[in-house]
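Listed here are the chains, written in short residue letters.
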Amino acid sequence: MKVRKAVFPVAGLGTRFLPATKAMAKEMLPVVDKPLIQYAVEEAYASGIKQIIFVTGAGKSAIENHFDHSCELEQTLMARGKDAQLKELHDLIPTSGSIIYTRQNQPLGLGHAIWCARNIVGNEPFAVLLADDLIKAEKPVLKQMIEKFEALNASIVSVVEVPKADTSKYGILDADALVDGVTKIRGLVEKPAPENAPSNLAIIGRYILTPEIFEILEGKEVGAGGEIQITDAMARLLKTQDIYGYRYTGTRFDCGNKAGFQMANLAFSLERPDLRERLIPYIKDLLNN
Ligand code: UTP
């Protein structure tokens with residue numbers, strides 16, 4: 001079955017970015033001049049996704065507005081002859097009906113946010129993208145994963161090798177070493193201490209899941225950090241289905257933390273010739289003083 005739908009959980013509180021996220025969604029933080037959520041939505045469309053599902057929460061209306069027309073702004077741009085900017089704004093607006101919004105009434109965890117999309121996803125495999133994992137890749141990472149899904153016909157999570165000391169920040173795989181970027185998962189542990197981590201393969205924010213995950217999430221089992229964790233639900237899904245870890249090809253920026261977010265801004269800025277020209281001498285100057 002084809003992966004046609006992608007769920008974007010965007011209802012988290014973004015506490016690591018306070019006060020920036022007090023009145024603004026973390027997913028609206030810009031890398032250079034584009035919000036994180038736009039990079040993720042563009043990745044989904046470039047991977048063949050047809051239906052976008054946002055799981056939003058309180059105070060996230062900027063996301064809805066971002067993907068809609070802004071009549072006043074558009075009229076002003078038109079009157080001022082700013083055609084390029086006008087086109088850019090039009091291009092980012094998906095066809096009516098291709099985005100659906102649902103609401104997570106309380107931020108009870110990522111697993112719970114995904115469960116909130118169950119009636120919209122229905123009985124078919126679907127993708128999940130966490131916008132704070134920004135991945136620069138020649139072939140979109142979700143597209144890489146969809147190809148693997150079509151070959152393996154099983155749920156897939158994207159993984160990255162992390163230093164042992166960092167295992168307590170991630171869902172960690174119990175699995176053999178990767179072969180051609182893929183490994184069959186034996187077990188999953190959410191945020192294990194380094195001494196208890198079964199590997200250094202950490203789950204990052206791209207998943208393709210089969211709909212049976214919703215039946216497990218229905219149990220609303222609370223896990224690490226008092227939250228309903230998708231990792232725990234996947235660990236249970238493993239009892240009846242295979243799940244694979246996939247090491248994507250690309251460069252990932254963890255924009256959920258401040259250092260990763262600044263690195264993304266630097267890397268993406270330095271790719272723009274006009275910005276690069278101004279930034280390189282400035283950085284050199286900063287480092288020398
Ligand atoms: P994070 O673990 O990064 O949590 O969520 P957070 O609340 O966004 O940020 P911090 O840790 O407080 O700084 C990963 C993704 O899951 C979504 C978030 O919006 C983010 O995209 N999420 C998390 C939800 O949609 N609902 C939740 O209850 C929790």
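Residues numbered from 1 in each chain as written. Predicted model: local features only at pLDDT ≥ 70, side-chain atom pairs only at ≥ 80, totals over all residues. Heavy atoms only, no water.

Among the 11 residues that make up helix H1 (residues 36-46), eight are buried, leaving the element largely enclosed by the rest of the structure. Looking one or two residues past H1, glycine 48 carries a phi angle of roughly 100°, positive in sign. (Buried < 20%, exposed > 50% of the residue type's maximum accessible area, 1.4 Å probe, protein only. Helix = DSSP H or I, 4+ residues; strand = E, 2+ residues; numbered from the N terminus.)

Our next topic: the site of the ligand. In the vicinity of the ligand there are 18 residues, among which Thr15, Arg16, Lys26, Gln104 and Gly109 approach most closely. At a separation of 2.8 Å, an oxygen atom of the ligand approaches a polar backbone atom of arginine 16. Interatomic distance of 3.4 Å between a side-chain N/O atom of aspartate 132 and an oxygen atom of the ligand. For the ligand, whose free accessible area comes to 570 Å², the fraction covered by protein is 84%. Of the pockets mapped on this structure, the ligand occupies the largest pocket. Tallied by class, the residues present in the shell around the ligand amount to nine nonpolar, five polar and four charged. (Near = heavy atom within 4 Å. Polar contact = N/O pair within 3.5 Å; in protein donor to acceptor, adjacent residues only side chain to side chain. Areas by Shrake-Rupley, 256 points an atom, 1.4 Å probe, with all protein chains shown as cover. 1 Å grid on protein atoms, 1.4 Å probe; cavity = no way out; pocket = protein on both sides within 12 Å on 5 of 7 lines; lining within 4 Å. Sits in = over half its atoms within 2 Å of the grid points. Nonpolar A, V, L, I, M, F, W, Y, C, P; charged D, E, K, R; others polar.)

Another point: helix H11 (residues 273-288). With 16 residues, H11 should cover 22 Å at 1.5 Å per step; its first-to-last C-alpha distance of 23 Å lies within 8% of that length. Of all bends in H11, the biggest is about 30°, found at leucine 279, and the proline proline 281 comes one to four residues later. (Expected span 1.5 Å × (residues − 1). Bend = angle between axes of the 7 residues up to and from the residue.)

Scanning the model with the defined rule gives seven aromatic pairs in all. Residues phenylalanine 17 and phenylalanine 261 carry aromatic rings whose centres are separated by 5.4 Å and whose planes lie at 80° to one another, so their mutual orientation is edge-to-face. With phenylalanine 17 in the loop between strand S1 (5-9) and strand S2 (30-31) and phenylalanine 261 in helix H10 (residues 258-270), this pair connects stretches of sequence that are 244 residues apart. By relative accessible area, which is 8% here, phenylalanine 261 ends up buried. The interplanar angle of 10° and the centroid separation of 5.0 Å between the aromatic rings of phenylalanine 126 and phenylalanine 214 together place this pair among those described as stacked. Placement of phenylalanine 126 in strand S6 (residues 126-129) and of phenylalanine 214 in helix H8 (residues 212-217) is noted, with a sequence separation of 88 residues between them. (Phe/Tyr/Trp six-rings, centres within 6.5 Å; stacked < 30°, edge-to-face > 60°.)

This part is about unusual backbone geometry. A cis amide bond links leucine 18 with the next residue in sequence, proline 19, at an omega value of 5°. Structurally, proline 19 is set in the loop between S1 and S2. Look at lysine 220: it is not a glycine, yet its phi comes out positive at around 50°. By the secondary structure assignment, lysine 220 is in the loop between H8 and helix H9 (230-237).

Any functional reading would require information beyond the geometric quantities listed.
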